[in-house]
Amino acid sequence: MEETMKLRRVIIALCAISLLFACQNITIDDDGELKAPVYLTANASGTTVNLEWQIASGAISYSVYYKKNATGVSVTDFTDKKEGVLQNTTSITGLDSGYTYAFIVLAVGTGGTKSDPSPVATASISVNLPVPQFNKTAGAYPGTQWVGINNYADFPTGALIAYTTNGTDPNGISPTIQPNGSIEITTSCTRKVLAYVPGWNMSTYSTAEAAYTLVDVHTLCVEESATTIFRNTGNSVHSFSGTLPKVMYYDGTDYYSAGYGVPQNYLLIWKNGNQIASLNTTTTSSIQAITVSGSTVYVAGSLNNNAYYWTCSTGGGDITPNSLSNSGRSCVNAIYPVSGKIYLGGYEKNGTGAKQAYFWVRGSVTAAFPITANDENKDFEVTGIFSVDGTDVIMSGTYFSEGSTYAYAYTWDDADPDHPKIKELTTNPANTVGLAYSASGNIYVGGYEPVNNRSVVWQLTMPIDTSAVTLAHTYATFVLRSMTIDSFGNIFAAGMFNSGGAAFRFYINSTPYTIAATAASQPSIPSIFIKAK
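Parameters and conventions
- Here the residue numbering is sequential within each chain, running from 1 through the sequence in written order.
- Totals for whole chains, interfaces and linings use every residue, but because this is a predicted model, local features are given only for residues with pLDDT of at least 70 and side-chain atom pairs only at 80 or more, for both listing and counting.
- Excluded from the side-chain calculations are hydrogens and water; all other atoms, namely the structure's heavy atoms, are used.
- Two strands qualify as a pair provided that DSSP identifies no fewer than 2 bridges between them.
- By the criteria applied, helices consist of DSSP H or I runs no shorter than four residues and strands consist of E runs no shorter than two, each listed in order from the N terminus.
- A fitted line through C-alpha atoms serves as each axis, taken over the contacting stretch for helices, and the angle formed by two N-to-C directions is quoted from 0 to 180°.
- Between rings of Phe, Tyr and Trp, where Trp is taken as its six-membered ring, a pair exists when centres lie within 6.5 Å; planes separated by under 30 degrees are stacked, by over 60 edge-to-face, and by other angles tilted.
- Whether a charge sits over a ring depends on NZ of Lys or CZ of Arg being within 6 Å of the ring centre and within 35 degrees of the ring normal.
- For this analysis, a nonpolar core means a set of buried residues of the types Ala, Val, Leu, Ile, Met, Phe, Trp, Tyr and Cys, connected via side-chain atoms within 4.5 Å.
- Relative accessibility under 20% of the residue-type maximum defines a buried residue, over 50% an exposed one, and the middle range a partly exposed one, all with a 1.4 Å probe and only protein chains included.
- Here, two residues are considered to be in contact whenever any of their heavy atoms come within 4.5 Å of each other.
- We count a salt bridge whenever a side-chain nitrogen from Lys or Arg sits within 4 Å of a carboxyl oxygen from Asp or Glu.
- Distance and chemistry together define a polar contact, namely a pair of N or O atoms within 3.5 Å, with one atom able to donate a hydrogen and the other to accept it when in protein, and with adjacent residues in sequence counting only for side-chain atoms on both sides.

### Some remarks on the sheet that holds strand β31 (residues 380-387)
Argument step 1. What the four strands build is an open sheet, ordered β31-β32-β33-β34; its pairing is antiparallel. Two strands close off the open sheet at either side, each with one partner strand: β31 and β34 (421-424). Across this sheet, the average inter-strand angle for adjacent strands is 25°, counted without regard to direction.
Argument step 2. Here strand β32 (residues 393-401) runs beside strand β33 (residues 404-412); their pairing, made up of nine bridges, is antiparallel. Residue pairing for β33: Gly397 is matched across the bridge by Tyr408.

### Details of the packing of aromatic side chains
Argument step 1. Considering all chains together, one arrives at 24 aromatic pairs under this definition.
Argument step 2. With centroids separated by 4.9 Å and ring planes inclined at 55°, the aromatic side chains of Tyr336 and Phe386 adopt a geometry described as tilted. Separated by 50 residues along the polypeptide, Tyr336 in strand β27 (residues 330-338) and Phe386 in strand β31 bring together distant segments of the chain.
Argument step 3. Among the aromatic residues, those joined into a ring-pair cluster are Phe380, Tyr399, Tyr408 and Tyr410.
Argument step 4. Directly above the ring of Tyr163 sits Arg191, whose terminal nitrogen or CZ lies 5.2 Å from the centroid.
Argument step 5. Over the ring of Tyr347 we find Lys355, and its NZ or CZ is 4.4 Å from the ring centre.

### Some remarks on the pairing of strand β18 (residues 235-240)
Argument step 1. Bridge count for strand β17 (residues 227-231) against β18 is five bridges, and the pairing is antiparallel. Counted as the bridge partner of Arg231 is Asn235 from β18.
Argument step 2. Between the antiparallel neighbours β17 and β18 lie three residues, among them Asn232 with a positive phi of about 60°.

### As for the nonpolar core
Argument step 1. Ranked by size, the top nonpolar core spans 58 residues in total, and within it Leu51, Val64 and Phe103 carry the most contacts.
Argument step 2. For this core, the leading source of residues is strand β16 (residues 206-222), giving seven residues.
Argument step 3. Sequence-distant contacts of Leu51, defined by excluding residues within four places in its chain, comprise Leu40, Thr41, Ala42, Val64, Asn88, Thr89, Thr90, Ile92 and Phe103.

### Examining the pattern of salt bridges
Any two side chains of opposite charge can pair, on the condition that their charged atoms come close.
Argument step 1. One pass over the full model with this rule turns up nine salt bridges.
Argument step 2. The salt bridge involving Lys192 is made with Asp169; its shortest N-O contact spans 3.1 Å. On the criterion of sequence distance, the pair formed by Lys192 in strand β15 (residues 189-196) and Asp169 in the loop between β12 (160-164) and β13 (176-177) is long-range, its members being 23 residues apart.
Argument step 3. One network of salt bridges, with partners in common, ties together Lys81, Glu83 and Lys114.

### Notes on the environment of Glu381
Argument step 1. Structurally, Glu381 is set in strand β31.
Argument step 2. Looking at Glu381, the relative accessible area reads 9%, which means it is buried.
Argument step 3. Between the C-alpha atom of Glu381 and that of Lys355, which follows or precedes it by 26 residues, the distance is 6.4 Å.
Argument step 4. Only 2.7 Å separates the side chain of Glu381 from the side chain of Asn333, close enough to count as a polar contact.

Quick look at the structure:
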């Protein structure tokens, strides 16, 4: 009885299968002689898939069933079919790009009987999406920027550009850029984009990325009639009238300026455009440099032709004068406080009026050292100063000889104070205006070559006396007055565009930005500072 029931169930199942295949115009040989094809392979080439399988015994033709955007297919669930295939190979053409197709093959025997289906084989119709091209190259830029995709028209209809700005990889749920649109970038970031078509196999996507350093650029621009602090490319932050700020320092939050009152025997210090300290010097002073370290403002220059520096609190109050020389022929051009020391560089004039470079140390150490170029004890001055570790000091300098000036760099260290290392930067007449030091160990010195009417940024490394000197940047018809560097090694150079007109300008590496046009005949930018956004 039990065996009879099992036989009935088998018969019912076979009848159901026969009825199902009859609805699909498919019959399968039930005598076991027509075998299903095996070893089916599917290989895509463009929008064509080439199929191949092992010859099935007893087959007089084959039927191919396939389904779009799937990993499986059956004789009851398929997109299309190809019948009457006489060989054990065939090609399915005109398939849609970006999708995966699933295939099965059935052997067809005498009388139209069909075998069981072969195992499923799949193939993806790939497409080479263009690589997204940003409309701004990677690099440093002033202020907020808008970044879009230049080649949106190259993508197929329905393509999306997903993006991230936090360094992670974008995916199908990331926000997207609208066609021909742009995304505002307000902080430094790595912008990553993913181009894809919804519904397409994600193996067809393309990607691109670019790192953007956004900075606030702050410049102190001195004109004949007024002095203005500009931010980025023309946004006036503070303007001074009736007084004459000469130098500016920006610590990322506050602006500190130093200069003269009227009359010029008043030394004034401003914070964010507001006067916080003043000192009646009773005689003419010259202001050349300012910096801030901790809660102290440092100003350097000369008083009655004697090298001086002054200090006051960042909160304002009394100004403390500090004399470095009473020769009546000296001045400080650069100051750098670090590790309890204050390094100052400038010059002392000798009896004939020729300048000799001088280097002073104050704070935990008190010392003064003359520095000579090419063993000539005349006409040389320090223009910029920096210390990497509080021991080795890097300086830029200008050497005057027979009506021409020449650019130099040199270093000094505590262990060997009497033998500074000297490096001539160029054989062309040139002066220097300052230096910058990168985290990678490169030294950059900026200056101007009058004979070529261009400004130059020279690059060298430690030890400078044996280092090669290369040109990092050149700026035609431009007079460099101030320079700095950011943590990524981008050079910021500011000064006057010198080509038939007067305009304030700064460069980020080699890209120029005009700050503001001016009618002044001799505009000056003695200070430029940057802060990453």
